[in-house]
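# Report on the structure
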Amino acid sequence: MTSAIKLLEGTNISILDAIRLIRNILDLKQNNIKDYNDFRLCKNVIDLGLKAYQEQNVNKTLIKAFEMYVSSKSALSKDSLNDIKYLGGRLFRICPEMKMVKFSNLTASRCEDWLKKSFDSPVQFNKGRTFLSGFFTFAIKHNWLKKNPITSIEVQPTKENEIRALSITEISQLLKTSKQPKHKACQAGLGIMLWAGVRPNEVLRLKWSDIDLDEKIITIRSRNSKTGGARHIEISTVLRKWLYRLRKKPSEKICPANWVRRWKALRDDAGFKKKWVNDVLRHTFASYHLKHLKNLILLQSEMGHRDLHLLRTRYVNMQGITKDDAWTFFNFYKARL
């Protein structure tokens, strides 16, 4: 009895439950195997059942597993979840044969073919590769897959284009244009993107309750963040003065209705029609911030990056920015626009 208890340690099975399982197997004995060794019979039934269970898991189709994978990521931010849905949806749409493929039939070469068919550029290929790697890691945790085939697929070399920060003249033109009556509703969103480096989609979800002008803090809540992590951004003097006259009730949104259309109209009227670069205000903030304050760790915290690599390699571009320019960026409230 003591040995039996010891064998069952760490499980949720009692001795009584173990005996019941054995009894159930023995009760299924057919007349033609009446003389079969009872222990060997129980062992064979368990072994066969385990094999069938494993095969059932391994034979799960990719499309069914993907549905479960998406459900498991429901706590992610809306942007991150949409990225997963987009990348997976594109693969399954362009390579419909993927849907009924079972994990037991996966190979690195098949996965690489799917990626090449679905994504033209090296950047998109690598994004698809990252998605599949995460998806297959999820499958490994569920015992549908033993080894991640993506580890055998090389990351494609990419060359990031440098994004030039807006000049003081360009920033001034953007701010002046925002003061036109038809563009005034976009002023708060513009200021937060320019002087706090907040992402366009994050600004779209902000309310005035997230802006504390007394404590000089913008709160990016986890549900509003691209990465799913909350962060606080210090409100500079120039941004506080810009927002103070625009403030509204805490329940109201920072951005007006039809934000995307109205924000584009403001940019077009400011002279950026067909010239606007996505996230250029975030890059502009990062570049002027580092030039003026010379604090990469503080900038990392306010930008919401997990490490410094992306800041150094992509976001910060101080080329052509003088010390006077950096001072002016944070002191626009002293200028007559």
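Quick look at the structure, then.

Once that is clear, we can look at the overall build of the protein. For the protein, the helix and strand inventory stands at 16 helices and 3 strands. By the burial criterion, 39% of the 337 residues in the protein qualify as buried. Once local pairs closer than 6 in sequence are excluded, the contacts in the protein between residues at least 24 apart make up 65%. Surface exposure of the protein reaches about 20,400 Å², of which carbon and sulfur atoms provide 51%.

Here Lys216, not a glycine, exhibits a phi torsion of approximately 60 degrees, which is positive. On the secondary structure map, Lys216 appears in the loop between strand 1 (211-212) and strand 2 (217-220). Positive phi values are uncommon outside glycine, yet Asn258 reaches one of about 60 degrees. The exposed category is assigned to Asn258, whose relative accessible area is 51%.

What follows concerns the pattern of salt bridges. In total, this model carries 7 salt bridges according to the counting rule given. Of the charged contacts, one joins Asp269 and Lys182 as a salt bridge, the two residues approaching to 3.0 Å between their closest N and O atoms. Placement of the pair is Asp269 in helix 12 (residues 259-272) and Lys182 in the loop between helix 8 (168-178) and helix 9 (187-196), with a sequence separation of 87 residues. It is possible to trace a salt-bridge network through shared partners that takes in Arg199, Glu202 and Arg231.

With 2 bridges connecting them, strand 1 and strand 2 associate as antiparallel partners. In the sheet register, Asp212 faces strand 2, and the bridge partner there is Ile217. In the sheet, strand 2 pairs with strand 3 (residues 231-234) via 4 bridges, with the strands oriented antiparallel. Considered in strand 3, the bridge of Ile220 is made with Arg231.

Turning to the sheet that holds strand 1, a few remarks are in order. Read from one edge to the other, the open sheet built from 3 strands follows the order 1-2-3, with strand pairing classed as antiparallel. Each having just a single partner strand, strand 1 and strand 3 make up the two edges of the open sheet.

Procedures and definitions
- Residues numbered from 1 in each chain as written.
- Predicted model: local features only at pLDDT ≥ 70, side-chain atom pairs only at ≥ 80, totals over all residues.
- Heavy atoms only, no water.
- Helix = DSSP H or I, 4+ residues; strand = E, 2+ residues; numbered from the N terminus.
- Buried < 20%, exposed > 50% of the residue type's maximum accessible area, 1.4 Å probe, protein only.
- Contact = heavy atoms within 4.5 Å.
- Areas by Shrake-Rupley, 256 points an atom, 1.4 Å probe, with all protein chains shown as cover.
- Salt bridge = Lys/Arg side-chain N within 4 Å of Asp/Glu carboxyl O.
- Pairing = 2+ DSSP bridges.

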